[in-house]
Amino acid sequence: MMIRTSLAVIPLLALVACGQATQSGETKPASEVAAKKEAAPAAAPAAPSPSPEDAKMLASLPAPYNEGDLANGRRQYAKCRSCHVIEKGGDNRVGPALHGIFGRTAGTAAGFTYSPALKGAGFVWDAGKLDQWLADPKGFLPGNRMTFVGLKQEKDRRDVIAYIKVESAK
Ligand code: HEC
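The present account deals with the structure reproduced in this document. (Residues numbered from 1 in each chain as written. Predicted model: local features only at pLDDT ≥ 70, side-chain atom pairs only at ≥ 80, totals over all residues. Heavy atoms only, no water.)

This part is about the environment of A117. Looking at the element boundaries, A117 is found in helix 5 (residues 116-119). Considering only alpha carbons, one finds A117 and A106, 11 residues apart in sequence, at a separation of 9.9 Å. Among residues more than four places away in sequence, those in contact with A117 are L141, P142, G143 and N144. (Helix = DSSP H or I, 4+ residues; strand = E, 2+ residues; numbered from the N terminus. Contact = heavy atoms within 4.5 Å.)

Set out below in structure tokens:
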């Protein structure tokens with residue numbers, strides 16, 4: 001009886017020891033971990049391809065926005081949603097409605113009370129202007145009232161601009 005018990009315990013201990021060895025082995029070489037992280041996106045499953053209509057809108061954008069990832073654009077746009085409505089006929093909220101924003105003169109959504117800075121900006125929104133605005137809202141147009149820090153990653157801006165292009169025209 002005693003022999004049986006100790007025999008059963010040995011493989012268990014070996015398993016535990018094995019598990020620990022693997023864990024510490026993975027945390028040790030930081031360079032390997034970094035390399036693994038970098039390689040991850042390539043191995044990720046491809047995003048579902050956009051509908052023909054969405055693809056057409058996407059293709060009408062200049063580079064690099066025409067290669068925007070709409071799935072990430074949607075995720076990034078979640079940061080805008082608390083203040084902006086992009087759907088057709090959408091209301092102004094904290095921020096102006098964004099439907100039809102491409103080709104619209106800045107500061108001209110009907111019924112929205114803009115800051116003098118945005119009202120007097122006088123340019124037409126396109127991908128490049130949105131990029132500058134979203135990179136640094138305060139710096140791009142001092143005195144505006146959009147209390148949003150911006151999107152620091154170039155790729156996130158590219159993707160959200162692609163998403164806005166597609167969604168604001170529907
Ligand atoms: C905390 C609320 C808030 C968030 C979050 C926010 N905005 Fe705004 N946005 C505003 C306000 C307020 C204005 C109007 C600013 C003014 O009048 O100076 C504005 C203005 C704009 C304009 C100019 C529209 C026009 O009619 O000229 C664009 C474009 C815009 N926002 C895009 C975005 C995008 C894209 C995001 C997300 C990445 C975002 N905003 C996040 C509040 C917000």
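This part takes up the site of the ligand. Within the structure, the ligand sits among 26 residues, and C80, C83, H84, S115 and M146 are positioned closest to it. In the model, an oxygen atom of the ligand is placed 2.7 Å from a nitrogen or oxygen of the R145 main chain. With three residues, helix 6 (residues 127-135) is the largest single contributor of residues to the shell around the ligand. (Near = heavy atom within 4 Å. Polar contact = N/O pair within 3.5 Å; in protein donor to acceptor, adjacent residues only side chain to side chain.)

Counting residues in each nonpolar core, the largest one holds 29 residues, and the members touching the most others are Y77, F102, W125 and I161. Residue contributions to this core peak at six residues, all from helix 8 (residues 154-167). Setting aside anything within four residues of it in sequence, one finds W125 in contact with I101, F102, G103, R104, T105, A106, L118, L130, W133 and F140. (Core = buried A, V, L, I, M, F, W, Y, C linked by side-chain atoms within 4.5 Å. Buried < 20%, exposed > 50% of the residue type's maximum accessible area, 1.4 Å probe, protein only.)

Overall, the coordinates contain six salt bridges when judged by the stated rule. D54 is the partner of K170 in a salt bridge, and the nearest nitrogen-oxygen pair spans 3.4 Å. Of the two residues, K170 is situated in the segment after helix 8 and D54 in helix 3 (residues 52-59); the sequence distance between them amounts to 116 residues. Given the relative accessible area of 13%, D54 is considered buried. We note a salt bridge from R158 to D159, for which the minimum N-O separation is 2.9 Å. The exposure class assigned to D159 is buried, which follows from its relative accessible area of 0%. Through salt bridges that share partners, D54, E167 and K170 make up one connected network. (Salt bridge = Lys/Arg side-chain N within 4 Å of Asp/Glu carboxyl O.)

For the iron atom of the ligand, the full set of protein donor atoms is H84 (NE2) and M146 (SD), at a range of 2.0 to 2.1 Å. Metal-centred angles of 85 to 179 degrees between the six donor atoms at the iron atom of the ligand mark the site as octahedral. One end of the pair, H84, is in the loop between helix 4 (70-77) and helix 5; the other, M146, is in the loop between helix 7 (137-140) and helix 8, with 62 residues separating them in the sequence. (Donors = N, O, S within 2.8 Å, 3.2 Å for Na, K, Ca; no water. Tetrahedral: all angles 85-135°; square planar, octahedral: opposite > 155°, others 65-115°.)

What follows deals with the packing of helix 3 against helix 8. For any two helices packed against each other, one specifies the crossing angle of their axes together with the interaxial distance. Where helix 3 meets helix 8, the closest approach of the two axes is 9 Å, and the angle between their N-to-C directions is 120 degrees. The angle between helix 3 and helix 8 falls in the class oblique. At the point where helix 3 passes helix 8, the crossing takes the right-handed sense. Counted together, D54, M57 and L58 of helix 3 and A162, K165 and V166 of helix 8 form the full contact between these two elements. Class assignment of the residues belonging to the contact of helix 3 with helix 8 gives a composition of four nonpolar, no polar and two charged. (Axes fitted to C-alpha atoms, helices over the stretch in contact; angles between N-to-C directions. Parallel < 35°, antiparallel > 145°, perpendicular 65-115°, else oblique. Left-handed = near helix turned anticlockwise from the far one by under 90°. Nonpolar A, V, L, I, M, F, W, Y, C, P; charged D, E, K, R; others polar.)

Among the structural elements, K165 can be located in helix 8. Among buried Asp, Glu, Lys and Arg side chains, K165 stands out as unpaired, with D126 the closest opposite charge at 9.9 Å. Beyond its immediate sequence surroundings of up to four residues, K165 is in contact with M57, S60, L61 and F102. (Lys, Arg positive; Asp, Glu negative; His and termini not counted.)

Okay, the packing of aromatic side chains next. Applying the stated criterion across every chain, the model contains six aromatic pairs. Taken together, F123, W125, W133 and F140 form an aromatic cluster joined through their ring pairs. The ring of F123 has K129 sitting right over it, with the charged end atom 5.4 Å from the ring centre. Over the face of the ring belonging to F102 we find K165, whose NZ or CZ atom lies 4.7 Å from the ring centre. (Phe/Tyr/Trp six-rings, centres within 6.5 Å; stacked < 30°, edge-to-face > 60°. Lys NZ or Arg CZ within 6 Å of the ring centre and 35° of its normal.)

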